[in-house]
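# Structural features, examined
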Amino acid sequence: MNSRRRQVHTTRKMAGKRLALSHGGKMKARKQDGFVRVRKSDLEKLTTEVMQLRDFLPRVLNGDLIETLHKARTAQTMKEPLAQEQDQLRQECQHLQSRLDAVQTECQKEREEKLLLREQLRQSGAELQQQADFCSGLGSAAGSLLWSCSASEDTVSRWLADGKLQSFLLVAAQTLESFVRSLDEEAKTQTEDHNSQEHQFVLALAGTITNVAAVSCGRDFLSCSARVLLDTLMRLLELMTPGVFPKLRVLMLMALYNVSISVKGLKCISENPGLLSLILTLLDDGDWEVCLHSLRLLQSVLLEEEVLLLLGSSLLDPDLQARVGRLTSSEQPSLRLAAQQTLEDLLALQQGRGCKRSSV
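This report concerns the structure included in the present document. (Residues numbered from 1 in each chain as written. Predicted model: local features only at pLDDT ≥ 70, side-chain atom pairs only at ≥ 80, totals over all residues. Heavy atoms only, no water.)

By the burial criterion, the buried members of helix H4 (residues 153-162) are Thr-155, Val-156 and Trp-159. Down the axis of H4, the sector holding all buried residues measures 100 degrees, keeping them to one side. Looking at H4, the residues exposed on the side facing more than 90 degrees away from the buried face are Asp-154, Arg-158 and Ala-161. Immediately downstream of H4, the backbone of Gly-163 shows phi near 75 degrees, a positive value. (Buried < 20%, exposed > 50% of the residue type's maximum accessible area, 1.4 Å probe, protein only. Helix = DSSP H or I, 4+ residues; strand = E, 2+ residues; numbered from the N terminus. Arc of directions from axis to C-beta.)

Here's what the structure looks like:
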């Protein structure tokens, strides 16, 4: 290995000397017509040196160096495609960055619009609540005035003469039904407030109907032209949960009782197939006033012979007598007295039916 290095060194040194002699001017050459004149001895020496270099180069340049050069050329060859790919990736990255910036700008814009809409919604909700409060207050005040006016018989007569009572009763029935169906949700959420303007408005509607039924001409009108209203009142009494808003149930029962004072009104109410089952349910109510007015309605039924024939043996139900009998021990004097009178009427009816069967 050392001898090879000495040979390479000697060869390079000799080549250096020859070149120096050539460039030093010792080589006698001159240009003539595009040719160069060189001494034959110098040419032979240069040829010898070239032959020596060709002989020694394969020995000096081993396989590792050749492989390294090959790899260098390969890497140089692959450098340009990689640079192009890198440039393409850079352009795609810039494109994605521009899209990201655009999306972020749009997202920020939408966020600002959403905040603006939310603020507008809050303002609209506040305005709507103000309008609802105003309408509730107006309705409560107007309903209270209407309830007070309906206590006058002359007022009810004028309403009938004007022909506006029918439309009022239709609106009142729809309002009561809508309100009663919403009571279940209020009871579940424990948000029921009987002193609210909405509750007062509904009470005023029911009170006005009760006052209309208290007048003879009003009873006749309800019996003939407002049967839908009477059926609605009985259906709502059946829908209402026991213990929920007893004041409203009392007013509706009073309205039905006032209608039952006339024979025509009593027949109209008795034609409803759910009347006795409704009374039976209300007699077990926890509110004593509801029980009292249920008994009064039952007394009206028991006092009319045609209705007794219509209802038949359903009035002799032992369960009905048992529930009325339990109310005879009530601590409320008026309820206890009404229960005793009703129980006597039921027993008299039972005895009368028994006598008729014996005579037959």
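Angle between the axes and distance between the axes: these two values describe a pair of packed helices. Two numbers describe how helix H7 (residues 216-225) lies on helix H8 (residues 227-239): the axes approach to 5 Å, and their chain directions differ by 90 degrees. Judged on the interaxial angle alone, H8 and H7 are roughly perpendicular. Listed contacts from H8 to Leu-222, Ser-223 and Ser-225 of H7 are Arg-227, Leu-229 and Leu-230. (Axes fitted to C-alpha atoms, helices over the stretch in contact; angles between N-to-C directions. Parallel < 35°, antiparallel > 145°, perpendicular 65-115°, else oblique. Contact = heavy atoms within 4.5 Å.)

Even without glycine at this site, Phe-245 takes up a positive phi of about 50 degrees. Of note, Phe-245 is situated in the loop between H8 and helix H9 (246-260). Take Phe-245: its relative accessible area is 0%, and that puts it in the buried class.

Under the counting rule described, the total for this entry stands at nine salt bridges. The salt bridge involving Arg-323 is made with Asp-284; its shortest N-O contact spans 3.3 Å. Highlighted residues: Arg-323 in helix H14 (residues 318-327) and Asp-284 in the loop between helix H11 (275-282) and helix H12 (288-302), separated in sequence by 39 residues. Classification of Arg-323 by relative accessible area gives buried; the value is 17%. (Salt bridge = Lys/Arg side-chain N within 4 Å of Asp/Glu carboxyl O.)

To continue, consider the nonpolar core. Side chains that are nonpolar tend, in soluble globular proteins, to be buried together. The biggest cluster of nonpolar side chains holds 69 residues, and the ones touching the most others in it are Leu-222, Leu-248 and Leu-315. If sequence neighbours within four positions are ignored, Leu-248 has contacts with Leu-176, Phe-179, Val-180, Val-202, Leu-203, Ala-206 and Met-240. (Core = buried A, V, L, I, M, F, W, Y, C linked by side-chain atoms within 4.5 Å.)

Look at H11 against H12: their axes get within 9 Å of each other, and the N-to-C directions meet at 145 degrees. Seen along the crossing, H11 lies across H12 with a hand that is left-handed. Along its contact with H11, which presents Leu-275, Leu-276, Ile-279 and Leu-282, the element H12 presents Val-290, Cys-291, Ser-294, Leu-297, Leu-298 and Val-301. (Left-handed = near helix turned anticlockwise from the far one by under 90°.)

Turning our attention to H11. Counting buried positions along H11 gives six out of eight residues, so the element sits mostly inside the fold. Inspection of H11 places Leu-275, Leu-276, Leu-278, Ile-279, Leu-280 and Leu-282 among the buried residues, and these make up the whole buried set. Close packing links the buried residues of H11 with H8, H9, helix H10 (263-270), H12, helix H13 (305-311) and H14.

Working definition: an aromatic ring pair is given by the centre-to-centre distance plus the angle between the planes. Following the criterion strictly, the structure yields one aromatic pair and no others. Taken together, a centroid distance of 5.8 Å and an interplanar angle of 65 degrees make the contact between Phe-179 and Phe-245 edge-to-face. Taken as a pair, Phe-179 in helix H5 (residues 165-189) and Phe-245 in the loop between H8 and H9 lie far apart in primary sequence, 66 residues in all. Of the two residues examined, Phe-179 and Phe-245, each falls in the buried class. (Phe/Tyr/Trp six-rings, centres within 6.5 Å; stacked < 30°, edge-to-face > 60°.)

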